[in-house]
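Secondary and tertiary structure notes
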Amino acid sequence: MNPLAILECNNIFKSFDISSTFISKSKVKVHALNGVNFYVKRGEIVGIVGESGSGKTTLAKIITNIYKPDSGNIYFNKKNIHKDSESYSEYRKNVQMVFQDPYSSLNPRLKIISTLKDGIKQYITNNKKEIHEICKSLIKSVGLEEDHLYRYPHQFSGGQRQRISIARALSVDPEVIVADEPVSALDVSVQAQILNLFKKLNKEKNKTIILISHDLAVVNFLCHRVYVMYKGFVVEMAETEKLLKNPLHPYTYQLINSKHLQVDEVKNENVKSSCPYAERCKKYSAKCDNEIKLIEVGKNHFVRCAYYE
Ligand SMILES: Nc1ncnc2c1ncn2[C@@H]1O[C@H](COP(=O)(O)OP(=O)(O)OP(=O)(O)O)[C@@H](O)[C@H]1O
Ligand SMILES: [Mg+2]
């Protein structure tokens with residue numbers, strides 16, 4: 001365990017059963033997470049990057065307890081959340097998620113003030129006047145006006161709705177915010193406002209932030225440290241600057257040097273490697289068929305690649 005971690009996941013496995021074809025009843029397993037280790041320190045902003053289907057949202061939903069892992073443990077303030085009911089309720093309040101699509105995560109029939117009140121009543125106070133004051137300051141803290149509290153979700157723009165979902169996450173004063181692609185659906189100008197808001201929350205309120213993004217520029221702007229995921233594995237982890245300047249895993253290298261997270265042509269067919277990237281890797285060779293682990297190759301720089309074993 002990392003002594004400074006506020007939240008830590010150990011050896012998380014998660015798979016889903018899906019129908020093998022549209023009409024068939026037989027099931028196949030999708031292995032979304034394959035032994036993922038993850039931690040975040042208090043006050044840190046950590047990024048999770050990787051192409052579509054690499055397991056980012058699944059990890060976010062495990063971290064926020066929306067999904068239960070098949071195996072593996074989650075620790076909040078060093079306590080296993082599934083084994084200690086007191087730490088579970090502390091964790092429930094303190095780890096909040098901002099979803100990728102704020103529209104589907106906001107109740108269309110509730111005015112914003114009602115959405116915000118729920119969590120405040122549950123975790124902060126029952127006093128009506130205090131609840132009202134908290135709602136006013138929350139809506140202002142995300143750059144909206146008091147009268148926005150009395151509107152419905154459909155009366156806002158995408159960027160405003162994303163602010164509201166951030167306000168909702170903040171309503172219970174959590175220590176950790178998990179944001180899944182919080183700006184990918186927004187215009188560039190609105191993106192900057194939301195990213196600056198996250199930066200401010202971190203700097204001024206010491207909020208710990210886990211940010212999922214497919215955009216390395218966003219990660220570079222905000223994150224102190226980054227996890228790179230590929231097919232349910234963490235393939236590299238390092239401080240952002242180090243990772244961007246000196247990517248070690250061939251997948252990370254490709255990610256940084258291609259503008260989009262595009263899918264390469266398969267180069268090596270029928271490979272039997274424990275490396276999930278082997279079939280697309282330019283550096284693939286026989287040594288990649290040995291068992292590969294995530295190992296520390298420099299200070300706080302981890303990579304899962306046979307070339308660094
Ligand atoms: N509820 C589910 N049922 C079945 N399969 C799922 C479910 N959620 C995720 N998966 C599968 O698990 C794998 C990882 O999906 P996940 O949504 O975590 O990827 P992601 O990295 O967030 O991708 P994206 O960048 O597209 O959001 C994918 O193969 C996906 O199809
Ligand atoms: Mg996702």
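All of the points below concern the structure found in this document. On a predicted model such as this, the values are computed, not experimentally measured, just so you know.

1. A few points about unusual backbone geometry
Even without a glycine there, the phi angle at asparagine 206 is positive, about 55°. Within the element layout of this structure, asparagine 206 appears in the loop between helix 7 (188–205) and strand 8 (208–212). The phi torsion at asparagine 270 lies on the positive side, around 55°, for a residue other than glycine. Looking at the secondary structure, you find asparagine 270 in the loop between helix 10 (250–257) and strand 11 (295–298).

2. Brief notes about a nonpolar patch on the surface
A contiguous nonpolar surface patch, about 200 Å² in accessible area, is contributed by Ile18, Val28 and Val30. The residue valine 30 is located in strand 2 (residues 27–41) in this model. Assessed through its relative accessible area of 34%, valine 30 is described here as partly exposed.

3. Some remarks on the site of ligand 1
Surveying the vicinity of ligand 1 reveals 13 residues, the closest of which are Ser52, Gly53, Lys56, Thr57 and Thr58. Glycine 53 is positioned such that a nitrogen or oxygen atom in its backbone is 2.8 Å from an oxygen atom of ligand 1. Measuring from an oxygen atom of ligand 1, one finds a backbone N or O atom of serine 54 at 3.2 Å. Bound to the protein, ligand 1 loses 65% of the 630 Å² it would expose on its own. Where the shell around ligand 1 is concerned, the elements lending two or more residues are strand 1 (5–19), strand 2 and helix 1 (56–63). Here the shell around ligand 1 gets three residues from one element, more than from any other, and that element is helix 1.

4. So, the packing of aromatic side chains
Under the counting rule described, the total for this entry stands at seven aromatic pairs. Taken together, a centroid distance of 6.1 Å and an interplanar angle of 65° make the contact between phenylalanine 76 and tyrosine 91 edge-to-face. Note that phenylalanine 76 is positioned in strand 4 (residues 71–76) and tyrosine 91 in helix 2 (residues 85–94), a separation of 15 residues in sequence. Taking relative accessible area as the criterion, phenylalanine 76 reaches 1% and is therefore assigned buried. Where tyrosine 230 meets tyrosine 251, the ring centres are 4.6 Å apart and the plane angle is 55°; that geometry is what we call tilted.

5. Remarks on the packing of helix 6 (residues 158–170) against helix 7
Between helix 6 and helix 7, the shortest axis-to-axis distance is 10 Å and the interhelical angle comes to 15°. When the axes of helix 6 and helix 7 are compared, the pair comes out roughly parallel. Note on packing geometry: the crossing formed by helix 6 with helix 7 is right-handed. Within the contact between the two elements, helix 6 uses Gly159, Gln162, Arg163, Ile166 and Leu170 and helix 7 uses Val190, Gln193, Ile194, Leu197, Phe198 and Leu201.

Conventions and cut-offs
- Residues numbered from 1 in each chain as written.
- Chains lettered and ligands numbered in written order.
- Predicted model: local features only at pLDDT ≥ 70, side-chain atom pairs only at ≥ 80, totals over all residues.
- Heavy atoms only, no water.
- Helix = DSSP H or I, 4+ residues; strand = E, 2+ residues; numbered from the N terminus.
- Patch = residues over 30% accessible without salt bridge, like charges linked within 9 Å, V, L, I, M, F, W, Y side chains within 5 Å.
- Areas by Shrake-Rupley, 256 points an atom, 1.4 Å probe, with all protein chains shown as cover.
- Salt bridge = Lys/Arg side-chain N within 4 Å of Asp/Glu carboxyl O.
- Buried < 20%, exposed > 50% of the residue type's maximum accessible area, 1.4 Å probe, protein only.
- Near = heavy atom within 4 Å.
- Polar contact = N/O pair within 3.5 Å; in protein donor to acceptor, adjacent residues only side chain to side chain.
- Phe/Tyr/Trp six-rings, centres within 6.5 Å; stacked < 30°, edge-to-face > 60°.
- Axes fitted to C-alpha atoms, helices over the stretch in contact; angles between N-to-C directions.
- Parallel < 35°, antiparallel > 145°, perpendicular 65-115°, else oblique.
- Left-handed = near helix turned anticlockwise from the far one by under 90°.
- Contact = heavy atoms within 4.5 Å.

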